[in-house]
Amino acid sequence: MSMTKVFVISIVLTFVILTPASCIDNPITNPSFESGLTGWTAYAGSTNGALPTTGCIGSSPCVFDIFASTSAPDGSNVCGLQSLYPTDPPKNGGVYQVFTWGYGFAEITISGRAYSEGYDTYLNWGPLADGCSVSVGLADFSTSDRNDASQWSSVYWGDYDPWQTATVYLYGSGTYTLFIENAQLEDNATVSSLWDNVSIKTYINITSGPTVNVGDDPNRPDTTARIEWTTDIPSKSRVDYGLDTNYGSYVQDDTLTTDHSLLLENLNPSSQYHFIATSTAPNAYDTDSGDCTFDLPICFSNISVATEGLDTIIKWNTDVASTSQVEYGKTTSYGSTSDLDTELTTEHEVHLTGLDENSDYHFRVWASRSLYTSVHSDDQTFHTYPDPVSSLENSSFENDLSPWVLYQSSITGSTDIDGRIGPYPSSGTQTWSSAQIKAYDGSYFIGAQTTSEYKNGGVFQRLYWSAGQLCTLCARFATQNNSVSFYDTEFRLGIDPDGGVDPTDSDIVWWTGFSPTNNNQWHTGGVTATAGSGGIVTVFLDVVNKYSEEHVVALDDATFGAPVAMSIGNLKEMATCTGAEIQDALVTAEAPSVSYTSTSYPRRYIQCADIPAGIAVLFDTSRGTPPSVGDKVTIKGAPVYAWKEATLFAYDWTTTQGPFTLPDPLGMSQKSIGGSACNQIALYASQYVCNVGSRVRLWGKVTDSNYDYTEGAQICQVDDGTGLVDPYGGIKGVRVKVIGGEEVATGDYLMATGVLSIEHIDPYYPHGSSTGEYDVYRLITNSASDWTCIPAEE
């Protein structure tokens, strides 16, 4: 069965004036005055009037023997007037002719010569630049009055011999009157003003097309193409064509026609051709379509390579339904072919199996069908990746990189990250880079360091994971930026639920963080996702440096698995982080939202009823509504480090609405605040287990009190005499958010119950510089019933 394809190519024409063809069907009678004034009517000018004459140019007995030209523009005769000083006075006059034009836009040209010699202002005899002229005029109706002409164009004084051109325009078919006249302006001069060779040249308009009918010969559907177009004027046809804009081949037909059709034969199948269609006609300027293209079947497009399990999948499209086959190998000699799939289709897919891991391959795709030439694509390449593993391997990079795969970011101008760094043992004294980093676990880690360039990218690893099941990727990271802002150096953790290996894929679930300490301290990051239907996921550890500047990033101690049920205390104290499931926790407080990469996440605090450990939780509102204070919640997610505070990034949660009774607070002095654990670095040195995130009760004297209109509450500084000092303002005590009730004044005594948190202070808000930023402990209350004030006067 043969197939025919029609391509319609719309062309916006810009008329290009090429070489004019010879005159034909000139409606002007006797245009070169070879028959005297036949067809023309002479008229005398209003000043120094005289009737023009015709004749030859040259010495006597020629009519025009003053300043005689070497030749006439056309034929032997010209028309005009001459005057010889002092015998003849100046002469002015012209000729006109009425004619009918049956085409579209065109131009009328005459050849004119205006030359004079006489006395100038200083009585020097010689050429006079303004001594005479020859003009052509056009009226768009029949008339004998030269004043009816709406267009005029003139030839003024020139060198002794040359003829010049004056032009007027026809704007469509109709009856016109053409005037040609001279003006001899000087009394004391010898003047010769002549004209000849009235020509009309039209423009050819391509009124439709060109269209391309590929496979015009059904027996040669992939090696022939017919080019068709129409013009408003009968003209010759020509098509230049080739594989590039040099063309190189052409076909033409000299028949004058308005319907043009040329067949291109013996073309190369599966190729793109360039062509230009040209129309030419006598008395017309050539016109062309400009460069156009068409594709011959079988044409390949959208060739792509993907992985699915252990298979490498080659997909492509063709413009004609055809067979499917892939030729492949480690060189351009290929050596292997897939089985031929004889189903005729335009959407092709071939699975390649048994390939070597971590290897470069060349391939090309093939297609064929009856009456079509079997063709193949250009050479393509792909790289095979390590097979998926059942659990995360080489998580601390102690065994080179395998099965991790190093990749470069798509950011323009970026270079590869440094890759595996070490040995810098965690228990040793040797450190890496200006940040003085040692491995978090073992002796090696992944890193990138630069002083004046981009280093972006990372590593990925593919794992088998049951479809529809939650999984969490965690890792430790350290970042340092010594330039404008430490926010500009980031670390990302990502999970592609479908097992893809493209870090730009929009389906990847990312978590992004940066080190709030901006030094060699290791922090926790994590991300949770749901595995797709393919049963394979890909995990990414990724470096993002926003600007070409001095930065250091280190990544270590990655883990992957299902969220594990555990207590909040265990989550905060884990030496190696995993996904966590916290069951039946109470929401104890609501805190200001936290922003990551332009996304704001609501923050809540949770604590189990009988256990004093609490923790902050970030909620993604695109996945559900965050719980409220007093609700009970079960959360699955990943541990992260947010502004120096251990935090759980919730991926999935269920809420039981309260209010439930909140846990009893821990009464403590301010010297007991803080402590440290693996996932909670204390603000100040302390040997205690970290109690940030827990409900506590504090008391003391109010050393400072201000109303914060943004939060709608008073912010008081409460000091119990243990010596804590605000590092920026120098005020003693701990910040307490006091909600509702009577105003609390400086000097009052306050006892408050709430959740202990860490507040990041930026006196130069919005963020843009780390200068002046600092962190302090803060107690968050929920209502006026959470605090009691004793006025100072009592």
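Residues numbered from 1 in each chain as written. Predicted model: local features only at pLDDT ≥ 70, side-chain atom pairs only at ≥ 80, totals over all residues. Heavy atoms only, no water.

A. Representation of the overall build of the chain. Across its full length, the chain holds one helix and 49 strands. Relative to the globule expectation of 28 Å for 794 residues, the C-alpha radius of gyration of the chain, 45 Å, shows a markedly less compact shape. With the C-alpha coordinates of the chain rotated into their principal frame, the extents come out at 130 × 80 × 55 Å. Of the contacts made within the chain by residues no fewer than 6 positions apart, 69% connect residues no fewer than 24 positions apart. (Helix = DSSP H or I, 4+ residues; strand = E, 2+ residues; numbered from the N terminus. Rg over C-alpha atoms; globule rule 2.2 N^0.38 Å. Contact = heavy atoms within 4.5 Å.)

B. View of unusual backbone geometry. Cis geometry marks the peptide bond from S60 to P61; its omega dihedral reads 20°. Residue position: P61 is located in the loop between β3 (53–56) and β4 (77–83). You will see that N48, though not glycine, has its phi angle at about 50°, which is positive. You can see N48 is positioned in the loop between β2 (41–44) and β3. Within the chain, N302 stands out as a residue other than glycine whose phi angle is a positive 55°. Structurally, N302 is set in strand β20 (residues 300–308). In this structure N302 comes out as exposed when scored by relative accessible area, which is 57%. (Buried < 20%, exposed > 50% of the residue type's maximum accessible area, 1.4 Å probe, protein only.)

C. Region of the structure containing the sheet that holds strand β5 (residues 93–101). Pairing is antiparallel in the open sheet, where five strands are placed in the order β2-β5-β11-β8-β9. Edge strands, defined here as strands with exactly one partner in the open sheet, are β2 and β9 (151–156). Strand-to-strand twist in this sheet, taken as the mean axis angle between neighbours without regard to direction, amounts to 20°. Judged from the four bridges that link them, β2 and β5 form a sheet pairing that is antiparallel. Its bridge partner lying in β5, Y43 is registered against G94. (Pairing = 2+ DSSP bridges. Axes fitted to C-alpha atoms, helices over the stretch in contact; angles between N-to-C directions.)

D. View of the pattern of salt bridges. In this structure the tally under the stated criterion is 18 salt bridges. A salt bridge links R226 to D216; the shortest N-O distance between them is 3.0 Å. Pair noted here: R226 is in strand β14 (residues 225–242) and D216 is in the loop between β13 (206–214) and β14, with a separation of ten residues, a long-range link. On the basis of relative accessibility, which here comes to 26%, the residue D216 falls in the partly exposed class. (Salt bridge = Lys/Arg side-chain N within 4 Å of Asp/Glu carboxyl O.)

E. Spatial organisation of the confidence of the model for the chain. Here the chain averages 89 in pLDDT, while 93% of its residues score no lower than 70. Between residues 1–23, whose pLDDT stays under 50, and residues either more than four places distant or in other chains, the model counts 58 contacts. Every residue in residues 765–770 is under pLDDT 50, and counting partners more than four places away or in other chains gives ten contacts. (pLDDT = per-residue confidence, 0-100.)

F. Representation of the state of the cysteines in the model. Counted under the stated rule, the structure contains one disulfide. Across the disulfide, C56 is cross-linked to C62 (sulfur-sulfur distance 2.0 Å). In this structure, the disulfide formed by C56 and C62 twists by about -115° around the S-S bond and is classed as left-handed. With no disulfide of its own, C678 has C577 as its nearest cysteine by sulfur position, at a separation of 7.8 Å. Lacking any disulfide linkage, C716 is separated from the closest cysteine sulfur, that of C789, by 7.9 Å. (Disulfide = S-S within 2.5 Å.)

G. Local environment of the packing of aromatic side chains. Evaluated as defined, the whole model comprises 34 aromatic pairs. Between W101 and Y103, the ring centres sit 5.1 Å apart and the planes meet at 65°, which makes this aromatic pair edge-to-face. With relative accessibility at 3%, the residue W101 sits in the buried group. Taking relative accessible area as the criterion, Y103 reaches 35% and is therefore assigned partly exposed. (Phe/Tyr/Trp six-rings, centres within 6.5 Å; stacked < 30°, edge-to-face > 60°.)

H. Structural detail: the sheet that holds strand β30 (residues 457–464). Across the sheet, five strands lie side by side as β27-β30-β35-β32-β33; this open sheet has antiparallel pairing. Single-partner strands in this sheet number two, and they are β27 (405–408) and β33 (509–513). Strand-to-strand twist in this sheet, taken as the mean axis angle between neighbours without regard to direction, amounts to 20°.

I. Representation of the environment of N246 within the structure. Checked against the element boundaries, N246 lands in the loop between β14 and β15 (249–264). Taking the C-alpha atoms as reference points, N246 and A44, 202 residues apart in sequence, are found 57 Å from one another.

J. View of the side chain of D620. With respect to the secondary-structure elements, D620 resides in the loop between β40 (614–619) and β41 (632–642). Although D620 is buried, it forms no salt bridge, and the closest oppositely charged side chain is R623 at an N-O distance of 5.7 Å. A distance of 2.7 Å separates the side chain of D620 from the side chain of S622, its partner in a polar contact. The contact partners of D620, leaving out residues within four places of it in the chain, are Y601, A650 and W653. (Lys, Arg positive; Asp, Glu negative; His and termini not counted. Polar contact = N/O pair within 3.5 Å; in protein donor to acceptor, adjacent residues only side chain to side chain.)

K. Structural context of the pairing of β30. Counted residue by residue, β30 has seven buried out of eight residues, so it is predominantly covered. Across four bridges, β27 lies against β30 in antiparallel orientation. Its bridge partner being in β30, L406 is matched across the sheet by V459. Note that β30 and strand β35 (residues 536–545) share eight bridges and pair antiparallel.

L. Structural context of the environment of T293. Counting through the fold element by element, T293 comes out in strand β19 (residues 292–295). Classification of T293 as partly exposed rests on a relative accessible area of 30%.

M. Quick look at the nonpolar core. By size, the foremost hydrophobic cluster in this structure holds 40 residues, and its most contacted members are W404, L541 and F560. Setting aside anything within four residues of it in sequence, one finds F560 in contact with L392, L463, W465, C471, T472, L473, V537 and V539. (Core = buried A, V, L, I, M, F, W, Y, C linked by side-chain atoms within 4.5 Å.)

N. Highlighting the environment of G561. Within the fold, G561 resides in strand β36 (residues 549–561). Residue class for G561 comes out buried when judged on its relative accessible area of 14%. Distance from G561 to I437, taken between C-alpha atoms, is 27 Å for residues 124 residues apart in sequence. Every residue in contact with G561, bar those within four places of it in the chain, is listed here: W465, C471 and T472.

O. Summary view of a nonpolar patch on the surface. Together, Y119, L123 and W125 make up a nonpolar patch on the protein surface, roughly 350 Å² of accessible area in all. As for its placement among the helices and strands, W125 is situated in strand β7 (residues 125–127). (Patch = residues over 30% accessible without salt bridge, like charges linked within 9 Å, V, L, I, M, F, W, Y side chains within 5 Å. Areas by Shrake-Rupley, 256 points an atom, 1.4 Å probe, with all protein chains shown as cover.)

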